[in-house]
Amino acid sequence: MSPWPYSLAYVVPLSVILGHWLGGIFYYLTPMITFGLIPLLDLMIGSDRTNLNAEALERLSEKFGFRVITFLYVPLQISLVIWGAHVVTHEVLTGFELAGFVLSIGITTGGVGITVAHELFHKKNAFEKALGHVLLMTVSYMHFYIEHLFGHHVHVATPRDPATARRGESLYAFYVRTVSRSWLDAWRIEKQRLQHRGYSHWGYHNRMLWFVALPVMFAAMLGSLFGWQAVFYFFVQSAVGFTLLEIVNYLEHYGLQRRELASGRYEKVNLAHAWNADQRVTNYFLFKLQRHADHHVHPLRRYQTLRHFEESPQLPTGYPGMMLLALAPPLWRRIMHPRLDHFLQNAAGATPILKD
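Scope of this entry: the structure provided in the associated data block. For clarity, every value in this text was computed on a predicted model and none was experimentally measured. (Residues numbered from 1 in each chain as written. Predicted model: local features only at pLDDT ≥ 70, side-chain atom pairs only at ≥ 80, totals over all residues. Heavy atoms only, no water.)

Another aspect to go through is a nonpolar patch on the surface. On the surface, a cluster of nonpolar side chains totalling about 730 Å² of accessible area is made up of Leu18, Trp21, Leu22, Ile25, Phe26, Met32 and Phe96. Looking at the nonpolar patch element by element, the count peaks at three residues for helix 1 (residues 11-22). Here leucine 18 shows up in helix 1. The class for leucine 18 is partly exposed, based on a relative accessible area of 38%. (Patch = residues over 30% accessible without salt bridge, like charges linked within 9 Å, V, L, I, M, F, W, Y side chains within 5 Å. Areas by Shrake-Rupley, 256 points an atom, 1.4 Å probe, with all protein chains shown as cover. Salt bridge = Lys/Arg side-chain N within 4 Å of Asp/Glu carboxyl O. Helix = DSSP H or I, 4+ residues; strand = E, 2+ residues; numbered from the N terminus. Buried < 20%, exposed > 50% of the residue type's maximum accessible area, 1.4 Å probe, protein only.)

Here's what the structure looks like:
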């Protein structure tokens, strides 16, 4: 398997540049591609549910080219955000064009950038973790590293996880809950870590203090270079970026819950606790994030080795199409609840979090 199909992800940032060059309606080229062309290609090209054998997966995991594609995305995103600050402060754009441009930057930093960050910070080596942190800094969402690894992966598909959407919960209610609670949970997790190690909560060992300070410092740098409008631009595109992340969180575990045991603990995470999608095109753009069940069972697996499993619940289409569907709660429930209920009736250990 070649790593090059995954370089399709670079189409998204390049579409921002092309849209700016063409001007006018093309400032919306990035959302057109992301939420128009990609879902259409998913329908036309279909799914890929093939899995390699263990020996082939081992060889594939060691291919450095797959890592290079993620590494090179980091300087590209930093450059894109800085260039965007220059555009919004030094070029004359109409309100319509400015909105499309900032939206496109946010779709890129959130849709692709946070996906790459997620891939990188899940790895053991410090270099990849650091690159993941840099990408999260560009969307002002660095606490996601703490909450995701030490909160979400521990409590996924339980009521304790703010990133697991409950059955019947609208995207909008989920968004308020997950953004606020994930932030608070990250502080709680970090406080426990510092107490365990005997560090002060307000010292330089507190990662949350750094995670707050670094995006502010980066925004201040943009402001000093380009003016105060650059600071506003930075935080608006950040909000677009992490909003995309939370919409993805909404659909990844919607309505799924691990079984509570007699001891009060929950069963071990298994393949029934995350929704999968195997649309080939979106999996190239999102580094197989859609094979999400395998990721939760084997969180250290590299993206190119994630596998499809029939016993996992399957989304009707890829993430971009599902994100649009989630924006309309009645339509979302009409399509997802029969699928969810059918899966729960046939999968042991999975029950709805909330009844309608």
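So much for the structure itself; the text now carries on.
If you look at the biggest cluster of nonpolar residues, it comprises 60 residues, and the most contacted ones within it are Leu136, Leu222, Tyr233 and Phe287. If sequence neighbours within four positions are ignored, tyrosine 233 has contacts with Leu80, Val81, Gly84, Ala85, Val88, Val102 and Ile105. Tyr254, Ala277, Met322 and Trp332 belong to the second largest nonpolar core, which has 28 residues in total. (Core = buried A, V, L, I, M, F, W, Y, C linked by side-chain atoms within 4.5 Å. Contact = heavy atoms within 4.5 Å.)

Now for the packing of helix 1 against helix 2 (residues 29-45). At their nearest, the axes of helix 1 and helix 2 sit 8 Å apart, and the two run at 145 degrees to each other. Counted together, Val11, Val12, Ser15, Val16, Leu18 and Gly19 of helix 1 and Leu29, Thr30, Ile33 and Thr34 of helix 2 form the full contact between these two elements. Across the contact of helix 1 with helix 2, the residue classes break down as six nonpolar, four polar and no charged. (Axes fitted to C-alpha atoms, helices over the stretch in contact; angles between N-to-C directions. Nonpolar A, V, L, I, M, F, W, Y, C, P; charged D, E, K, R; others polar.)

Next up on the list: the side chain of aspartate 294. Secondary-structure assignment places aspartate 294 in helix 12 (residues 292-297). Separated by 2.7 Å, the side chain of aspartate 294 and the backbone nitrogen of arginine 307 make a polar contact. If we ignore the near neighbours within four places in the chain, the residues touching aspartate 294 are Leu271, Arg301, Thr305, Leu306, Arg307 and Phe309. (Polar contact = N/O pair within 3.5 Å; in protein donor to acceptor, adjacent residues only side chain to side chain.)

Side-chain pairing between opposite charges can occur once the charged atoms of the two side chains come close. Counting across every chain of the model gives 14 salt bridges. A salt bridge links glutamate 310 to arginine 49; the shortest N-O distance between them is 3.6 Å. Of this pair, glutamate 310 sits in the loop between helix 12 and helix 13 (319-326) while arginine 49 is found in the loop between helix 2 and helix 3 (54-61), placing the two residues 261 residues apart along the sequence. Beyond isolated ion pairs, a larger network of salt bridges with shared partners links Glu190, Arg193 and Arg207.

In short, shape yes, function no, at least from these values alone.
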